[in-house]
Amino acid sequence: MRYHQYYPVDIVNGPGTRCTLFVSGCVHECPGCYNKSTWRLNSGQPFTQEMEDRIIADLNDTRVKRQGVSLSGGDPLHPGNVADILRLVKRVRAECPGKDIWVWTGYKIDELDAAQQEVVDLINVLVDGKFVQDLKDPALIWRGSSNQVVHKLR
Ligand code: SF4
């Protein structure tokens, strides 16, 4: 997997103070996408073991309390990202008790394959669906257009 940005302390991408990762790779090509530079799977920089370890360490850093981690992009559930995202969310579950996991994807929750579903089974919130420019509403919280749904899973 590759990624574009990592924010160790973020207060805009999800509730509370969070760690946020924007991964590379998205097949949805939504007109009006806010993050076109992330579409190519080979854009950005490699997501290394060091980065994975850093996210876990940041989530457990008691000096700046984080509510959890936000995974966005790009699309964390791009088939090319799912294996690495699954490993990361498994580690957050095992090593970061009490931290929540939010994921943004262009897929709809009812069209996920088994591998994508395995990730979703471990997270707290999935914000799903493509961005639709005609349904854009700046008043919406955590989503850009009204077709997208914030699924609170646990
Ligand atoms: S799913 Fe998100 S990142 Fe992908 S094209 Fe649509 S708005 Fe852009």
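Residues numbered from 1 in each chain as written. Predicted model: local features only at pLDDT ≥ 70, side-chain atom pairs only at ≥ 80, totals over all residues.

### Focus on the overall build of the chain
The line we're drawing: Helix and strand definitions here come from DSSP, where helices need a minimum of 4 consecutive H or I residues and strands a minimum of 2 consecutive E residues; each element is numbered from the N-terminal end. Radius of gyration here is computed from C-alpha atoms only, and the compact-globule reference equals 2.2 Å multiplied by the residue count raised to the power 0.38. Note that contacts rest on C-beta atoms placed from the backbone: two residues are in contact if these are within 7 Å.
Of the regular secondary structure elements, the chain holds 3 helices and 7 strands. When the helices and strands of the chain are placed in sequence order, the string is β-β-β-α-β-α-β-α-β-β. For the chain, whose C-alpha radius of gyration is 14 Å, the value lies close to the compact-globule estimate of 15 Å for 154 residues. Taking the principal axes of its C-alpha atoms as reference, the chain extends roughly 45 × 30 × 25 Å. In the chain, the share of contacts with a sequence separation of at least 24, taken over all contacts with a separation of at least 6, comes to 63%.

### Some words on unusual backbone geometry
Of note, the amide linkage connecting G73 to G74 takes the cis form, showing an omega dihedral of 15 degrees. By the element assignment, G74 lies in the loop between β4 (68-72) and α2 (82-95). One non-glycine residue, W142, adopts positive backbone phi at about 70 degrees. Along the chain, the position of W142 falls in the loop between β6 (125-128) and β7 (149-152).

### A few points about the site of the ligand
Definition in use: Proximity of a residue to a molecule or strand is defined by its backbone-placed C-beta atom lying within 6 Å of that partner. Basically, the charged four are Asp, Glu, Lys and Arg, the nonpolar ten are Ala, Val, Leu, Ile, Met, Phe, Trp, Tyr, Cys and Pro, and anything else, Gly included, counts as polar.
In the vicinity of the ligand lie 13 residues, with C26, C30, C33, G106 and F131 positioned nearest. The class makeup of the residues in the shell around the ligand is 4 nonpolar, 6 polar and 3 charged.

### A short note on the sheet that holds strand β3 (residues 45-46)
Rules: Strand pairing follows a simple DSSP-based rule, namely that at least 2 bridges must link the two strands.
Taken in spatial order, the 7 strands of this open sheet run β3-β1-β2-β4-β5-β6-β7, and their pairing is mixed. The outermost strands of the open sheet, each flanked by one partner alone, are β3 and β7.

### Observations regarding the pairing of strand β2 (residues 18-23)
Keep this limit in mind: Burial is judged by counting the other C-beta atoms within 10 Å of a residue's own C-beta: 20 or more makes it buried, 12 or fewer makes it exposed, and any count in between marks it as partly exposed, with every C-beta position built from the backbone.
Summarising burial for β2: 6 of the 6 residues are buried, a large majority. Note: strand β1 (residues 2-10) against β2, 5 bridges, orientation antiparallel. Bridge pairing in β2 places Y3 opposite V23. Sheet topology note: the β2/β4 ladder contains 5 bridges and is parallel.

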